[in-house]
Amino acid sequence: MTLIIDESVIGAVTAHMNDDHTGDSLLIARAFGHPTATGSVMTSLDAHGGTWQVTDADGEHTLTLGWPGGEVTERPQIRREVVMIYRDACKTLGISPREEHAPAPADSHHGAAGHHGAPGHHGAAGHHGAPGHHGAHSAEPPAGEGFAHRIRTATWGDHGDSEGATFMADLMRGKGTLEDYTDLVVQHYFMYEALEVAARQLLDDPLLAPLHPEALLRLATLERDLVHLLGADWQDRIEAVPAAAAYAQRIAEVGEAGWIPGIIAHHYTRYLGDLSGGQMIARRMIKQFGFEADGVAFYDFAALGDLDAFKNAYRGVLDAYGETLSDAEQQRMLDEVRAAYRFNTAVFLDLGRLRPAA
């Protein structure tokens, strides 16, 4: 089974690495080809490996490492493979790994721990609830892991359906067509048309208003891209695939119900993905199709300023907001994040079915 690794997965994994494990990424860079690296940021991943942007005295370099155990087919395997790369890096550098990264169990999917070689290289790759009491079914998060962390990792254990799963992978590997990319932009339009109506409600709460600044809005950029891709008559030429229509309908339902945690669940899933993995998508599309600005305006958040600073502030708001929710409402919101992910996956599956047979 091929695992779907779309922008939501890329965004979640890279955000976790770049926010919580910057030192690990630097060790990885120094161990695998860049011994004098001063900076290392994980930028992307697929079923075969991960990619880091490394900085040293000579400039910037792209480092792509294969997963030590081979192709990943389940979401939990991604974390294990990153840990394996980290442990291999520590071994190469003669450093003891942190205790939390003990060897994987011998019955793991990829065989006994301790038999992995060094990573191989690949080519191009409602209302606020009152604070609740923690009951028997609710565990306190570890120190430093607040509500934003719980949201970020909410979908890591989900599985993807293999049917049509190659749509995004092909696009990211240069195997997709301009028509494929245009179809993706079209579906984004229907999603954000619903989301940006619902998200206006966040502006009514001083705590939540910072989540939705004007510079974050994407509908106008999507219209600009569609004019470039389809022409001035683009509105007469677009149609939502069934999954995108269902996705937009769900966002509208959450908005019409005034369920603020649900709105945030969809807001977080879409926009934080755009600010993280979406930036890699833009770079790939620029390289493949020669876009300058029009065509990928959707991914241009220059008006936001420092994207990492915005994402950190966003997660700070989520942590504060989580403290206002009961355990039950927190879980309900996490379930909606998972639902948003499933809708997103279903859109890719529908887009895969649109493609002509090879």
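Our structure is the block above this text.
Summarised in this report is the structure supplied together with it. Because the structure is a prediction, the values reported are computed rather than measured.

### Quick look at the side chain of Thr221
With respect to the secondary-structure elements, Thr221 resides in helix α7 (residues 219-230). Residue classification places Thr221 among the buried positions, given a relative accessible area of 15%. When neighbours within four sequence positions are excluded, Thr221 is seen to be in contact with Ala297 and Phe298.

### Observations concerning the environment of Ala15
Residue position: Ala15 is located in helix α1 (residues 7-20). For the pair formed by Ala15 and Val41, sequence separation is 26 residues and the distance between their alpha carbons is 9.6 Å. Apart from the residues lying within four places of it in its own chain, the contact partners of Ala15 are Ile10, Asp20, Arg152, Ser276 and Arg315.

### Description of the nonpolar core
Counting residues in each nonpolar core, the largest one holds 70 residues, and the members touching the most others are Tyr181 and Ile264. Sort the elements by how many residues they give to this core and helix α6 (residues 178-198) lands first, with 11 residues. Apart from residues no more than four positions distant in its own chain, Tyr181 is found in contact with Leu171, Leu229, Met285, Phe289, Phe291, Gly295, Val296 and Tyr299. Core analysis: the next-biggest nonpolar cluster, separate from the first, contains 25 residues, Ile10, Ala47, Val72 and Ala89 among them.

### What to know about the environment of Tyr299
Checked against the element boundaries, Tyr299 lands in the loop between α10 (277-289) and α11 (307-322). For Tyr299, a relative accessible area of 4% corresponds to the buried category. When the C-alpha atoms of Tyr299 and Asp274 are compared, they prove to be 6.6 Å apart, with 25 residues separating the residues in sequence. Among all residues touching Tyr299, those that are not within four sequence positions of it are Tyr181, Leu184, His188, Arg218, Gly278, Gln279, Ile281 and Ala282.

### A look at helix α8 (residues 242-256)
Relative to the 21 Å expected for 15 residues at 1.5 Å per residue, α8 spans 21 Å between its end C-alpha atoms, a close match to the ideal helical length. For α8, the set of buried residues is Ala243, Ala244, Tyr247, Ala248, Ile251, Val254 and Gly255. Buried positions in α8, seen along its axis, are confined to an arc of 135° and lie on one side of it. Seen from the buried face of α8, the exposed residues on the opposite side, beyond 90 degrees, are Pro242 and Glu256. On its buried side, α8 packs onto α6, α9 (260-275) and α12 (327-354).

### Looking at the side chain of Gln279
Within the element layout of this structure, Gln279 appears in helix α10. Among the polar contacts listed, one links the side chain of Gln279 to the backbone oxygen of Asp274, at a separation of 2.8 Å. Not counting the four nearest positions on each side in its chain, Gln279 is found in contact with Asp274, Tyr299, Phe301 and Leu307.

### Section: α9
Along its 16 residues, α9 runs 22 Å from first to last C-alpha, staying within 8% of the 22 Å computed at 1.5 Å per residue. Burial analysis of α9 places 16 of its 16 residues in the buried class, the great majority of the element.

### Quick notes on the sheet that holds strand β3 (residues 59-66)
If you walk across this open sheet you meet the three strands as β1-β2-β3, and the pairing is antiparallel. For this open sheet the edge positions go to β1 (39-45) and β3, each flanked by a neighbour on one side alone. The sheet shows a mean angle of 25° between the axes of neighbouring strands, taken without regard to direction. As judged from the eight bridges shared by strand β2 (residues 49-56) and β3, these two strands associate in the antiparallel manner. Among the inter-strand pairings, Val54 is bridged to a residue of β3, identified as His61.

### Here we look at the environment of Ala246
Turning to its location among the elements, Ala246 is positioned in helix α8. For the pair Ala246 and Val347, spaced 101 residues apart in sequence, the C-alpha to C-alpha distance is 9.4 Å.

### Comments concerning the packing of aromatic side chains
This structure, assessed with the given rule, holds 12 aromatic pairs. Ring geometry for Phe167 against Phe348: centres 6.2 Å apart, planes inclined by 40°, an arrangement best described as tilted. Of this pair, Phe167 sits in helix α5 (residues 166-172) while Phe348 sits in helix α12, and the two are 181 residues apart along the sequence. Like Phe348, Phe167 is buried. With 5.2 Å between their ring centres and 75° between their planes, Tyr192 and Phe298 make a pair best called edge-to-face. Taken as a pair, Tyr192 in helix α6 and Phe298 in the loop between α10 and α11 lie far apart in primary sequence, 106 residues in all. In this structure, Tyr192 and Phe298 share a single accessibility class: buried. Note that Arg218 overlies the ring of Phe301, its terminal NZ or CZ placed 3.9 Å from the centroid. Against the face of Trp259 rests Arg332, its NZ or CZ located 3.7 Å from the ring centre.

### Structural notes on the pairing of β2
Across the eight residues that make up β2, a large majority, six, are buried. Following β1, the chain reverses through three residues before pairing antiparallel with β2. Hairpin geometry of β2 and β3 is characterised by an intervening segment of two residues between the two adjacent antiparallel strands.

Conventions adopted
- Residues numbered from 1 in each chain as written.
- Predicted model: local features only at pLDDT ≥ 70, side-chain atom pairs only at ≥ 80, totals over all residues.
- Heavy atoms only, no water.
- Helix = DSSP H or I, 4+ residues; strand = E, 2+ residues; numbered from the N terminus.
- Buried < 20%, exposed > 50% of the residue type's maximum accessible area, 1.4 Å probe, protein only.
- Contact = heavy atoms within 4.5 Å.
- Core = buried A, V, L, I, M, F, W, Y, C linked by side-chain atoms within 4.5 Å.
- Expected span 1.5 Å × (residues − 1).
- Arc of directions from axis to C-beta.
- Polar contact = N/O pair within 3.5 Å; in protein donor to acceptor, adjacent residues only side chain to side chain.
- Pairing = 2+ DSSP bridges.
- Axes fitted to C-alpha atoms, helices over the stretch in contact; angles between N-to-C directions.
- Phe/Tyr/Trp six-rings, centres within 6.5 Å; stacked < 30°, edge-to-face > 60°.
- Lys NZ or Arg CZ within 6 Å of the ring centre and 35° of its normal.

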